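Structural features, examined
In case you want the letters, here they are:
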Amino acid sequence: MAAIGRFQKGDDIFYAKVVDGKLYKLKGDVFGSPSFAKRGITPTRSIKTLTPVEPSKVIAVGLNYADHARESNLKPPTQPLFWLKAPTSLIPDGGKIHLPFPSHRNDYEAELAIVIGRRVRNVAPQAAGRYIFGYTSAQDISDRDIQQSESQWARAKSFDTFTPLGPYIETKADPKNLTIQLFRNGELCQNSNTEQMIFDCFHLVSFISTNMTLLPGDIILTGTPSGVGPIESGDRLEVRIGDLASLCNTVK
């Protein structure tokens, strides 16, 4: 595994490789040919973990797990179903999820996120891996009352704080066979595997790239497995995907 994160100390925002709890600051463009400092620094309270990228767009894919389609009593799609989420909905590991309408049903959705590493348009699935920088953990928080009352889902899923992301990008992960779990207050609520994906990561990058140009840092949320459920103020949510660093957030 090669974990890369984005951090802030004072006015300095920087990328670093995370090895054995130490940060090795990046030199150069993270999406180019970066090098890293030979001496690591120990994280302190003065160093904040940010979302691992600042994407031009966040693309969410719906109904992409066979087990989730079954629990929803919905027919699996014949091609990927996707929409755009506002980048302003992103929050980092440790950030608080704010519910603008607490009386509504709001659900968690654990997801594997693809991080694009190179500008890409009209790529074949067989070549899509060359344009993927890595993978990270995410959530697609959803206001179900709004989602069910509207024909498109962008508003229900784009409120500020509705897309926890991070903490790090794993550049060596194999997305084809990763456990994906969500714990709510320590209780296992989602427990599946990326083998359940209807359209794998390479197919998704290919399909989406035929509809829009993808830029370095763009995020694709690849769908959620079965076990989706409601959240409320005070909840602690943890996403664990394979050997990726876990993503933890609380609800306010």
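The rules we used
- Residues numbered from 1 in each chain as written.
- Predicted model: local features only at pLDDT ≥ 70, side-chain atom pairs only at ≥ 80, totals over all residues.
- Heavy atoms only, no water.
- Helix = DSSP H or I, 4+ residues; strand = E, 2+ residues; numbered from the N terminus.
- Rg over C-alpha atoms; globule rule 2.2 N^0.38 Å.
- Buried < 20%, exposed > 50% of the residue type's maximum accessible area, 1.4 Å probe, protein only.
- Contact = heavy atoms within 4.5 Å.
- Areas by Shrake-Rupley, 256 points an atom, 1.4 Å probe, with all protein chains shown as cover.
- Lys, Arg positive; Asp, Glu negative; His and termini not counted.
- Charge placed at Lys NZ, Arg CZ, Asp CG, Glu CD.
- 1 Å grid on protein atoms, 1.4 Å probe; cavity = no way out; pocket = protein on both sides within 12 Å on 5 of 7 lines; lining within 4 Å.
- Points joined across faces, edges and corners; volume = space filled by probe spheres on them.
- Nonpolar A, V, L, I, M, F, W, Y, C, P; charged D, E, K, R; others polar.
- Core = buried A, V, L, I, M, F, W, Y, C linked by side-chain atoms within 4.5 Å.
- Polar contact = N/O pair within 3.5 Å; in protein donor to acceptor, adjacent residues only side chain to side chain.
- Disulfide = S-S within 2.5 Å.
- Pairing = 2+ DSSP bridges.
- Salt bridge = Lys/Arg side-chain N within 4 Å of Asp/Glu carboxyl O.

Here we take up the overall build of the protein. Secondary structure summary: the protein contains four helices and 20 strands in total. For 252 residues, the compact-globule estimate of 2.2 N^0.38 gives 18 Å, and the C-alpha radius of gyration of the protein, at 17 Å, lies within 12% of that figure. Looking at the protein residue by residue over its 252 residues, the buried ones come to 54%. In the protein, the proportion of contacts linking residues at least 24 apart, taken out of those at least 6 apart, comes to 73%. Here the protein has roughly 11,700 Å² of accessible surface; of this, 47% comes from carbon and sulfur atoms. Taken together, the 29 basic and 26 acidic charged side chains of the protein have centroids lying 8 Å from each other.

For the rest of this paragraph, the subject is the layout of surface pockets. Looking at the largest pocket, its volume works out to about 270 Å³. Considering the residues around the largest pocket, the lining is formed by 16 residues, among which His68, Glu109, Arg144, Gln147 and Trp153 are closest to the centre. Of all the secondary structure elements, the ones that give two or more residues to the lining of the largest pocket are strand 6 (58-62), strand 7 (81-85) and helix 2 (144-149). Ranked by residue count, the leading element in the lining of the largest pocket is helix 2, at three residues. Looking at the lining of the largest pocket, its residues break down into six nonpolar, six polar and four charged.

A negative phi angle is the norm for most residues apart from glycine, just as the trans form is the norm for most peptide bonds. A cis amide bond links glycine 166 with the next residue in sequence, proline 167, at an omega value of 5 degrees. Note that proline 167 resides in strand 14 (residues 163-170). Of note in this structure, aspartate 20 is not a glycine but carries a positive phi near 50 degrees. Residue placement: aspartate 20 occurs in the loop between strand 2 (12-19) and strand 3 (22-27). Its identity is not glycine, yet asparagine 122 carries a phi of approximately 55 degrees, on the positive side.

Further remarks concern the nonpolar core. The biggest cluster of nonpolar side chains holds 44 residues, and the ones touching the most others in it are Tyr135, Val205, Leu214 and Ile220. Elements with a contribution of two residues or more to this core: strand 6, strand 11 (110-116), strand 12 (132-139), strand 15 (179-184), helix 4 (201-209), strand 19 (236-241) and strand 20 (247-251). The residues touching isoleucine 220, leaving out its near neighbours within four places in the chain, are Ile59, Val61, Leu112, Ala113, Ile114, Ile116, Val205, Ile208 and Leu214. Residues Leu26, Val58, Trp83 and Ala113 belong to the second largest nonpolar core, which totals 17 residues.

A separate point is the side chain of lysine 85. You can see lysine 85 is positioned in strand 7. A polar side-chain atom of lysine 85 sits 2.9 Å from the main-chain carbonyl oxygen of lysine 157.

Attention now moves to the state of the cysteines. Applying the stated criterion across every chain, the model contains zero disulfides. Free of any disulfide, cysteine 189 has its nearest neighbouring cysteine sulfur in cysteine 248, separated by 14 Å. On the basis of relative accessibility, which here comes to 24%, the residue cysteine 189 falls in the partly exposed class. Cysteine 248 gets classed as buried once you look at its relative accessible area, which sits at 16%.

With that settled, the discussion passes to the sheet that holds strand 18 (residues 229-230). Taken together, three strands build an open sheet; the order of strands is 13-10-18 and the sheet is antiparallel. Of all the strands in the sheet, just strand 13 (142-143) and strand 18 have a single pairing partner and so form its edges. As paired strands, strand 10 (residues 106-108) and strand 13 are joined by two bridges and run antiparallel to one another. Pairing of asparagine 106 across the sheet is with aspartate 143, part of strand 13.

Inspection of every chain in the model, using the stated rule, returns 13 salt bridges. One salt bridge in this structure joins glutamate 109 and lysine 157, with 3.5 Å as the shortest N-O distance. With a gap of 48 residues between them, glutamate 109 in the loop between strand 10 and strand 11 and lysine 157 in helix 3 (residues 154-157) connect regions that are remote in the sequence. On the basis of relative accessibility, which here comes to 2%, the residue lysine 157 falls in the buried class. Each of the salt bridges in this network shares a partner with another, and the network as a whole consists of Lys85, Arg105, Asp107, Glu109, Asp140, Arg144 and Lys157.

With that settled, the discussion passes to the side chain of arginine 144. Topologically, arginine 144 is positioned in helix 2. Arginine 144 sits in the buried class, given a relative accessible area of 11%. At a separation of 2.9 Å, a polar atom in the side chain of arginine 144 contacts the side chain of aspartate 107. When near neighbours in sequence (up to four residues on either side) are disregarded, arginine 144 contacts Arg105, Asp107, Glu109, Lys157 and Val228.

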